[in-house]
Amino acid sequence: MTVQPLLSLKNIHKAFGGIIAIQDFSLEMFPGEIVALVGDNGAGKSTLIKIISGIHHPTAGTISLYGEPVRFADASSARHRGIEVVYQDLALADEQPVFMNMFLGRELTRKPFGFLDKTRMRRETQAVLTQLDVRIPSASSIVRDLSGGQRQGIAIARATHWASNLILLDEPTAALGVAETARVEELIASLRQRNIAILMISHSLDQVMRLSDRICVLRRGEQIGVHRTAETGKNAIVSMITGVGT
């Protein structure tokens, strides 16, 4: 039985005035798959993430979810279709507890007066953190008091809680130490079991080789190739990124 792609990008083109940022990009992603998006700075990786997440509109090309063409008016409409993003800055409210960050912009309230239902948000947050094995003191911990790895874990847990289709990860372990990087990588790998697709930007080819099922290479806005990770090596990917030896 043929599995239908969760996400299909076909002939995506993006220009900002006379500058071409993405040129004729096509990719299919499947449930439970991790695809790494690699390339030098300025290759177009962040632009592509912003197109998928509704921040930018493609100049040409089509985006489909499970075969249905979609056009996201903005980031909120992409989130409504089950697409979540974890950016490098994490977008966490440092002065708020973890459970408030989990429901940031989606707070639960109690009827009939609309007061915040902090008890339920705290309980649901703790359940998500426990399920994903994100190790923090409690769902009531203040974010500013947590380590970089714990903060990254919370951001990924929040995306996982709300995403039904796709999570976009932008440098998920940037600036983390070795131990915290390993812990976050374990969390990312565990998401396969939830049948969510993950598109991950990473400059660490070691990380890409450990985590991804396929690797997509961009160079100056052009898609150079897509390879199964198990069937390629770092040297081949570096050659594709740089254009040296190709």
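For the structure, check the block above.
Residues numbered from 1 in each chain as written. Predicted model: local features only at pLDDT ≥ 70, side-chain atom pairs only at ≥ 80, totals over all residues. Heavy atoms only, no water.

Caption draft 1: Main features of the overall build of the chain. The secondary structure content of the chain amounts to eight helices and 12 strands. Relative to its length of 246 residues, the chain is compact, with a C-alpha radius of gyration of 19 Å against a globular reference of 18 Å. In terms of principal-axis extent, the alpha carbons of the chain reach across some 60 × 45 × 40 Å. By the burial criterion, 48% of the 246 residues in the chain qualify as buried. The contacts in the chain between residues at least 6 apart in sequence include a share of 64% that link residues at least 24 apart. Accessible surface for the chain amounts to roughly 12000 Å². Of this, 50% is attributable to carbon and sulfur atoms. If you average the places of the 27 positive and of the 24 negative side-chain charges in the chain, the two averages end up 4 Å apart. (Helix = DSSP H or I, 4+ residues; strand = E, 2+ residues; numbered from the N terminus. Rg over C-alpha atoms; globule rule 2.2 N^0.38 Å. Buried < 20%, exposed > 50% of the residue type's maximum accessible area, 1.4 Å probe, protein only. Contact = heavy atoms within 4.5 Å. Areas by Shrake-Rupley, 256 points an atom, 1.4 Å probe, with all protein chains shown as cover. Lys, Arg positive; Asp, Glu negative; His and termini not counted. Charge placed at Lys NZ, Arg CZ, Asp CG, Glu CD.)

Caption draft 2: Just the pattern of salt bridges, in detail. Inspection of the entire model under this criterion finds 13 salt bridges. Among the ionic pairs, E33 bridges to R214, the shortest N-O distance being 2.6 Å. Remark: R214 occurs in strand β11 (residues 214-219) and E33 occurs in the loop between β2 (19-29) and β3 (34-38); sequence separation between them is 181 residues. Grouping residues by exposure puts E33 and R214 together as buried. Ionic pairing is found between R120 and E124, a salt bridge with its closest N-O pair at 2.8 Å. Highlighted residues: R120 and E124, both in helix α4 (residues 118-132), separated by four residues, approximately one helical turn. R120 sits in the partly exposed class, given a relative accessible area of 35%. A relative accessible area of 23% places E124 in the partly exposed class. If you follow the salt bridges from partner to partner, you end up with D133, R135, R183 and E186 in one network. (Salt bridge = Lys/Arg side-chain N within 4 Å of Asp/Glu carboxyl O.)

Caption draft 3: Inspection of the side chain of T47 at higher detail. Of note, T47 is situated in helix α1 (residues 45-52). Ignoring anything within four residues of it in the chain, the contact list for T47 reads K14, F16, A21, I22 and H56.

Caption draft 4: Region of the structure containing the nonpolar core. Judged by nonpolar contacts, the single largest core of 45 residues is most densely connected at V38, I156, I167, L169, I188, I198 and I237. Top element by residues in this core is helix α5 (residues 148-162). It accounts for five residues. With sequence-adjacent residues up to four places away left out, I237 is seen in contact with V38, L205, I215, V217 and T232. (Core = buried A, V, L, I, M, F, W, Y, C linked by side-chain atoms within 4.5 Å.)

Caption draft 5: Summary view of α1. The buried count for α1 comes to six of eight residues, which makes it a mostly enclosed element. Listing the buried residues of α1 in full gives K45, T47, L48, I49, I51 and I52. Of the residues flanking the end of α1, it is G54, one or two places downstream, whose phi is positive at about 85°.

Caption draft 6: Structural view of the packing of α4 against α5. Remark: α4 packs on α5, axes separated minimally by 10 Å, with the N-to-C direction vectors making an angle of 105°. With respect to their mutual orientation, α4 and α5 come out roughly perpendicular. Touching E124, V128, L129 and L132 of α4 are A157, T160 and H161, all from α5. (Axes fitted to C-alpha atoms, helices over the stretch in contact; angles between N-to-C directions. Parallel < 35°, antiparallel > 145°, perpendicular 65-115°, else oblique.)

Caption draft 7: View of the packing of aromatic side chains. One pass over the full model with this rule turns up two aromatic pairs. Ring geometry for F103 against W162: centres 5.6 Å apart, planes inclined by 90°, an arrangement best described as edge-to-face. Taken together, the residues F103 in the loop between α3 (98-102) and β7 (109-110) and W162 in helix α5 connect sequence positions 59 residues apart. A ring pair is formed by F113 and F115, whose centres lie 6.0 Å apart and whose planes are at 40°; its orientation type is tilted. With a relative accessible area of 67%, F113 lands in the exposed category. On the basis of relative accessibility, which here comes to 52%, the residue F115 falls in the exposed class. (Phe/Tyr/Trp six-rings, centres within 6.5 Å; stacked < 30°, edge-to-face > 60°.)

Caption draft 8: A look at the side chain of T181. By secondary structure assignment, the location of T181 is in helix α6 (residues 178-190). Judged by its relative accessible area of 14%, T181 falls in the buried class. Contacts of T181, omitting those with residues within four sequence positions, involve T173, L176 and Q207.

Caption draft 9: Spatial organisation of the packing of α5 against α6. Across the interface, α5 lies against α6 with an axial gap of 9 Å and an inter-helix angle of 15°. By the criterion of interaxial angle, the relationship of α5 to α6 is roughly parallel. As for the relative orientation of α5 and α6, their crossing is right-handed in sense. When α5 is examined against α6, the residues G148, G149, Q150, Q152, G153 and I156 are found in contact with a partner set consisting of E180, V184, L187 and I188. Each residue belonging to the contact of α5 with α6 can be placed in one class, and the counts come to four nonpolar, five polar and one charged. (Left-handed = near helix turned anticlockwise from the far one by under 90°. Nonpolar A, V, L, I, M, F, W, Y, C, P; charged D, E, K, R; others polar.)

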